[in-house]
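Listed below are the residues making up each chain.
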Amino acid sequence: MAESDDIRTMFFEECNDLMDALFEGLQLLEDDTPEEDTVNAVFRAVHSIKGGAGAFKLDELVSFAHKFETVLDELRADRLTRDPALVQTMLRAADHLAHLVEASQSQGEINVERGETLLAELDVYVASNADADAEVVFEPMALNFGGLEVEPPSEVTINIRFCPFEKLYFNGHDPLLLMDALGSLGTLIVDIDHDAIAPFDDYAPETPTLTFLLTFSADDPERIVEEVFEFVEGICTIEVTPQEAQDETVAEEIQTIEPPDAPEPEIAAAPQVAVADQEEPPAKREASASTNAKPAQRGEAVAVQPTLRVELDKVDRLINTVGELIINQAMISQRIDMLDLPGDGELESDMADYKLLARELQEGVMSIRAQPVKPLFQRMARITREAGDATGKSVRLVTGGENTEVDKTVIERLADPLTHMIRNAVDHGLESREDRVAAGKPETGEILLSASHKSGNVMIEIADDGAGLNRDRILDIAINKGLVSRESDLTDPEIDMLLFLPGFSTNSEVSELSGRGVGMDVVKTAVQALGGRISIASTPGKGTTFSIVLPLTLAVMDGIVISVADETMIVPITAVIETLRPKKSEVFQLGADQNLLLIRGEYVPIVDVQKKLGIVGGEKEQDQLVLVLVESVDHSRCALCVDAIHDQRQVVIKAVGGNYGDIPGVSAATILGNGKIALILDTDHLTKVEKMAPPPQLPPQQDLRVPHG
Amino acid sequence: MNTSVLAIDDSRTIRMLLQQVLEQAGFDVHCAEDGVEGVSKFEAVNPDVVITDINMPNMDGFGVISRLRGEEVKTVVPILVLTTENSSDLKTRARDLGATGWIVKPFDDVALVQVIRRVTGHG
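Rules used in this analysis
- Residues numbered from 1 in each chain as written.
- Chains lettered and ligands numbered in written order.
- Predicted model: local features only at pLDDT ≥ 70, side-chain atom pairs only at ≥ 80, totals over all residues.
- Helix = DSSP H or I, 4+ residues; strand = E, 2+ residues; numbered from the N terminus.
- Contact = placed C-beta atoms within 7 Å.
- Buried ≥ 20, exposed ≤ 12 C-beta atoms within 10 Å, placed from the backbone.
- Pairing = 2+ DSSP bridges.
- Expected span 1.5 Å × (residues − 1).
- Axes fitted to C-alpha atoms, helices over the stretch in contact; angles between N-to-C directions.
- Parallel < 35°, antiparallel > 145°, perpendicular 65-115°, else oblique.
- Left-handed = near helix turned anticlockwise from the far one by under 90°.
- Nonpolar A, V, L, I, M, F, W, Y, C, P; charged D, E, K, R; others polar.
- pLDDT = per-residue confidence, 0-100.
- Core = buried A, V, L, I, M, F, W, Y, C linked by C-beta atoms within 7 Å.

Here we look at the overall build of chain A
So, point 1. When you go through chain A residue by residue, the secondary structure sums to 22 helices and 23 strands.
So, point 2. Long-range pairs, those at least 24 residues apart, make up 71% of the contacts in chain A between residues at least 6 apart in sequence.

Description of the overall build of chain B
So, point 1. Each helix and strand in chain B was counted, giving five helices and five strands.
So, point 2. Order of helices (α) and strands (β) in chain B, N terminus to C terminus: β-α-β-α-β-α-β-α-β-α.
So, point 3. For chain B, buried positions account for 58% of its 123 residues.
So, point 4. Contacts in chain B between residues far apart in sequence, at least 24 positions, make up 58% of those at least 6 positions apart.

Structural notes on the pairing of strand 20 (residues 637-642) of chain A
All names here are of chain A.
So, point 1. For strand 20, a buried count of six out of six residues is recorded, marking the element as mostly surrounded by other parts of the structure.
So, point 2. Here strand 20 shows no split at all, with Arg637, Ala639 and Cys641 on one side and Cys638, Leu640 and Val642 on the other all buried.
So, point 3. The pairing of strand 18 (residues 602-608) with strand 20 spans three bridges and is parallel. Directly across from Val607, in strand 20, lies its bridge partner Leu640.

A short note on helix 12 (residues 312-339) of chain A
All names here are of chain A.
So, point 1. The end-to-end C-alpha separation of helix 12 is 41 Å, in line with the 40 Å expected for 28 residues at 1.5 Å each.
So, point 2. Every buried residue belonging to helix 12 is among Ile319, Val322, Gly323, Ile326 and Ile327, and all of these are buried.
So, point 3. Asp340 sits one or two positions beyond helix 12 and adopts a positive phi of about 55°.

Remarks on the sheet that holds strand 4 (residues 79-83) of chain B
Residue and element names in this part refer to chain B.
So, point 1. The strand order across the open sheet formed by five strands is 2-1-3-4-5, and the pairing between neighbours is parallel. Edge positions in the open sheet fall to strand 2 (28-32) and strand 5 (101-104), since each of these has one partner strand only. Adjacent strand axes in the sheet meet at a mean angle of 20°, parallel and antiparallel pairs treated alike.
So, point 2. Of the pairings in the sheet, the one linking strand 3 (residues 49-52) to strand 4 comprises three bridges and is parallel in character. If you follow Thr52 over to strand 4, its bridge partner there is Val81.
So, point 3. With respect to the sheet, helix 1 (residues 12-24) is in contact with strand 1 (4-8), strand 2 and strand 3, its orientation differing from that of strand 2 by roughly 170°.

Quick look at the sheet that holds strand 23 (residues 677-681) of chain A
All names here are of chain A.
So, point 1. The five strands lie next to each other as 21-13-14-23-22, forming an open sheet whose pairing is mixed. Each edge of the open sheet is held by one strand with a lone partner, namely strand 21 (644-652) and strand 22 (666-671). Averaged over all pairs of adjacent strands, the angle between strand axes in this sheet comes to 35°, irrespective of strand direction.
So, point 2. As defined by bridge partners, strand 22 adjoins strand 23 across five bridges and the pair is classed as antiparallel. Bridge pairing in strand 23 links Ala669 to Leu679.

A few points about the packing of helix 15 (residues 408-429) of chain A against helix 19 (residues 520-529) of chain A
Describing two packed helices takes the angle between their axes plus the distance from one axis to the other.
All names here are of chain A.
So, point 1. One can describe the packing of helix 15 onto helix 19 by two numbers: an axis separation of 9 Å at closest approach and a directional angle of 155°. With respect to helix 19, the element helix 15 is oriented roughly antiparallel. Here helix 15 and helix 19 pass one another in a crossing that is left-handed. Of the residues in helix 19, those touching helix 15 at Arg413, Asp416, Pro417, His420 and Met421 are Val522, Val523, Ala526 and Val527.
So, point 2. Residue composition of the contact of helix 15 with helix 19, grouped by class: six nonpolar, one polar and two charged.

Things to note about the pairing of strand 12 (residues 543-551) of chain A
Residues and elements named next belong to chain A.
So, point 1. When you tally the buried positions in strand 12, you get seven out of nine residues, the bulk of the element.
So, point 2. Relative to strand 12, strand 10 (residues 457-464) runs antiparallel, the two sharing eight bridges. Paired with Ile460 across the two strands is Ile548, which belongs to strand 12.
So, point 3. Where strand 11 (residues 533-539) meets strand 12, seven bridges bridge the pair, whose relative direction is antiparallel. The residue of strand 12 that forms the bridge with Ile534 is Ile548.
So, point 4. Linkage of strand 11 to strand 12, two consecutive antiparallel strands, is achieved through a turn of three residues, within which Gly541 is found at a positive phi near 80°.

What about the packing of helix 3 (residues 59-76) of chain A against helix 4 (residues 84-106) of chain A?
Residue and element names in this part refer to chain A.
So, point 1. Taken N-terminus to C-terminus, the directions of helix 3 and helix 4 make an angle of 160°; their axes are 10 Å apart at the nearest point. Considered as vectors, helix 3 and helix 4 are oriented roughly antiparallel to each other. Along this stretch, helix 3 crosses helix 4, giving a crossing that reads as left-handed. When helix 3 is examined against helix 4, the residues Glu60, Leu61, Phe64, Ala65 and Phe68 are found in contact with a partner set consisting of Ala93, His96, Leu97, Leu100, Val101 and Ser104.
So, point 2. Here the residues of the contact of helix 3 with helix 4 are counted per class, giving eight nonpolar, two polar and one charged.

Quick word on the confidence of the model for chain B
So, point 1. Residues with a pLDDT of 70 or more make up 98% of chain B, whose mean pLDDT is 88.
So, point 2. Overall fold confidence for the complex sits at a pTM of 0.41, while the interface term, ipTM, reaches 0.81.

Examining the nonpolar core
So, point 1. In terms of nonpolar packing, the biggest core is built from 75 residues, with Ile49 and Leu97 of chain A together with Leu80 of chain B touching the most fellow members.
So, point 2. Counting residues in each nonpolar core, the second largest holds 42 residues, with Ile326, Ile327, Met366 and Ile562 of chain A among its members.

A short note on helix 2 (residues 38-55) of chain A
So, point 1. For helix 2 of chain A, spanning 18 residues, the distance from its first C-alpha to its last is 26 Å, which sits close to the expected 26 Å at 1.5 Å a residue.
So, point 2. One or two steps after helix 2 of chain A, the chain reaches Lys57 of chain A, where phi turns positive at roughly 55°.

Some points on unusual backbone geometry
So, point 1. Residues other than glycine seldom take positive phi values, yet Gln107 of chain A does so here, at roughly 55°.
So, point 2. Of note, Gln107 of chain A is situated in the loop between helix 4 and helix 5 (112-127).
So, point 3. Since 17 C-beta atoms lie within 10 Å of it, Gln107 of chain A is described here as partly exposed.
So, point 4. In this model, Asn58 of chain B sits at a positive phi of 65°, which is unusual for a non-glycine residue.
So, point 5. Assignment of secondary structure puts Asn58 of chain B in the loop between strand 3 and helix 3 (61-69).
So, point 6. Looking at Asn58 of chain B, the number of C-beta atoms within 10 Å reads 14, which means it is partly exposed.

Points about the confidence of the model for chain A
Residue and element names in this part refer to chain A.
So, point 1. The predicted model of chain A has a mean per-residue pLDDT of 76, with 79% of residues at 70 or higher.
So, point 2. Per-element mean pLDDT across chain A ranges from 38 in helix 10 (residues 289-292) up to 90 in strand 14 (residues 567-572).
So, point 3. Below a pLDDT of 50 lies the segment residues 130-152, which in the model reaches 29 contacts outside its immediate sequence neighbourhood of four places, other chains included.
So, point 4. Predicted confidence for residues 245-303 stays below pLDDT 50, and this span has 105 contacts to residues more than four positions away or in other chains.

A short note on the environment of Val42 of chain A
Residue and element names in this part refer to chain A.
So, point 1. For Val42, the location among the structural elements is in helix 2.
So, point 2. We classify Val42 as buried; it has 26 C-beta atoms within 10 Å.
So, point 3. For the pair Val42 and Leu18, spaced 24 residues apart in sequence, the C-alpha separation works out to 8.7 Å.
So, point 4. When near neighbours in sequence (up to four residues on either side) are disregarded, Val42 contacts Leu22, Gly25, Leu26 and Leu72.

Some words on the environment of Gln88 of chain A
So, point 1. Note on placement: Gln88 of chain A falls in helix 4.
So, point 2. Placed 58 residues apart in sequence, Gln88 of chain A and Glu30 of chain A show a C-alpha to C-alpha distance of 7.7 Å.

Right, dumping it as C-alpha cells:
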C-alpha cells in the first residue's frame, strides 16, 4: 500500500510539472509566439496526465483529458486552425484540468457543471472535423475466455499451417515461443515442412523457409490461435483448417484468420494496475457542488516553487559525509583543546566558526530529506471522513502546522500509526451525536491534528474534544485481562499508559472500525521504531490528546554512552527505561550463569553485554553491577550489565553491515568525538536472545573489538 | 540471470509503476525517460526486451523502434509498445517499423508480465 501511495504521490507531483508545462505552452500560443515544439509539448502534457490518471482509475480526469487531447491532436495534425477563441477554450480547459487534478489528489468536490460546459465546447472543435474519435477506449477487454455465454464445446482439433516471413524474425518474434504459448493452452503437435529449403549453395540463412504444420486441440482453438498470433498478423501466413476438412481436400476449405475488426483485442485488459489503496472515486457528484468547488485559478498552478529532483541515494551519501564532517570537527576541537596552545585564542574562535558552519551545513543537508507533512495530513482528512461515516458520528478534522517538515522516511512510516489513532479518536474518543448535545457540546466533534517543531524534535498531536478517557473502565479492563494486579495503586497518567499495553483493547465488542485485535501498542511500537515517544493527556469531559515526539531524522539518534571492558558502546535512548545500581538482594541467580534482577516485583534477565558480544575482559564484581534496564519493541525487558555509564549524547548512525556483516546484538556504529568507533547495541536482539535462553556460549576468539581510529 | 527490461516512458509515474510491477515479477528493470536516452541505454544495458511509449519528447516511440531495428543497432530483441494510443494505423506503423507487440495503457500488470514472458520465452 505504501508503495502504491508513493507512486500516487509521484503521479500528482508529476501532474504539477505537466500542468506547468501545459500553461507555459498555452501562454506561448496565447501570445502568438509558439515555438516549433509548443503544440506537441502541450499535447504531451495532457497525454501524460491522461496516461497516469488511467493507472489510478481517475475516470473523470481520464475522460476530460482525453477530450482535451483529441482537440490538441487535431491542432497538432493541422486539421484544426488555431485562433484566439480556440486558445481561450484551451486555457479554460487547462484550468479545469488543473482543478480535476487537484480534486483527484485531495478527494475534493468536482465542478461537474463547468466540466460539462467545457466538454461541449471542446466537442465543437472535434465534431467540426468529421473523423470524430471513437469514445474513450479504456473499457476493459479482458484476455480471459470466461465471457463466452454458451457452454464451451469440448475439445476441437484444428490444423494450422504457419509460415513466418522474414519480418517476423526481424520484429523480435520467435516461432518457438509462439508455439510454446500455444502448447501451454492446449495439446499441440508440431511438424515441419522443410521442402522449401534451398540446396546448400543457394541457401540464404536469413530468409525463412520453414513452414510449421501444427495440430492443435483445445476448447475453442481458433480463438486461442487468434490470441497467441495477435502480434504476428501480417508478418506470417496462418492458415487454419478444421481437422475433418483436412482429411478431404486440403486446398478447398482453407480459412485464413482475418484481422479482427478494429479496435483489435488488446493485451491491456482491465485498467487495473495493482493499486492496493482503492481510493474513493474522486468525485462525489452533487449538483450543489459547483458552488463550493474551488475555482482553480490559472495562476495557482504556475506559482509553484521551482524544484530539483535528485536521487535519494545522492542525498543520503551527502548526509553521511556531512555527518563525518561533524565528527571530524569534534575531533579537531578536542585535539586543539588538548594542545593547550598559547596565544589570544584566535584558533579557538576560528574553530567555533567552523563548528557553527558545519552545524548549519548539517541542518541544511538534513532539510533536503525533509518534506512537509501536508500530504499526510490530507490523507488523514479522508480517514476522518470515512471513520465518521462508519460510526455515524459527525466529525471534522482540523489540521495545523501542515508545512512542518519531517524526514521523508518518518512521514512514510507515520501513515499507519496516524491512521490508527485517527480512527481510534473518532471511534472511541468522540461521543455519539446525542451524547454530545446532551453534554452541551456542538454536535460535530472535532479532531485536531497538528505538527510543530519542538527543541530539535517534531511533535505531532492528535487531540479530540470527546469525553476523555474513562479511567475506571481502562483499569477494569486491565485488571480483567490480568495486565495489572487488583491491588496496584496507579496514578491517572499510569492508568492512561495502560492503553499501550499489548493485548489491551477498550471496546468490548470489537468494532468494525478500529478494534481489530491491534491496539495502541502497535502505534507505540511504530513510533518507537522511529526513535520517538508517545504520551497521553486526557481531561474528563474535555477530550484526549496524544502527543508523538519524533526525531527530525533517522540519521542521528540520542544514545547513552556506556563502556564494556575497554569498549565504548551506545544504547539507543528510546529503548532505555532506567539505569540503576542494584542492591545485592535484588539480584538472583538462576542456573549456572543466568542472573535475574528483581525490580518492582518483576524478574528481569540480566544480560552481560561483555559475554554476549564475546568481548575479552575480566569478571565483574557481583555487588557492583551497573545496569541499564531496556525494553524492546515487543515489550520484553532485560537489564544490560555494563561497566560504566558515561554520557548521553546525539550520535550519527553508521551502518556496519557493509564492512563487518551482520553482528548479532549490534545494530550500527558511530564515531565518537575522540575518533573512536562505538558500536550501537541492538537492544531488541539482546532481549530476544535472552528470552530464548540458554545463552549460547560464544567462543572467546570471536573478538568484536574494532580498530581504534 | 534475470530477464532484463528496458522501459522507456517520459512519465515518471508510468516508469515507477512499470519498475514496481516488473521487479515484483522478478525482472531487472532499467528506465529511460525519452527515446534518445532509451536508445543509448539500450546499448549500455543490452536488455532482453524493450517497452516503449509512443508520445515522448526528443525521440518518440517510432523513432526508438526505427533506431533499434535500423542498420546501426539492428537488434532482434522484442520491442513492446506501451501507449494510450489505440488506432490501427499507428499499430500498423509500429509493426512495419519492427515492433513486436502493442499494449494499451492503462495496462494490466498480470497481462503485461505474461506478454513479456511470452515474447522473451523467459520464465
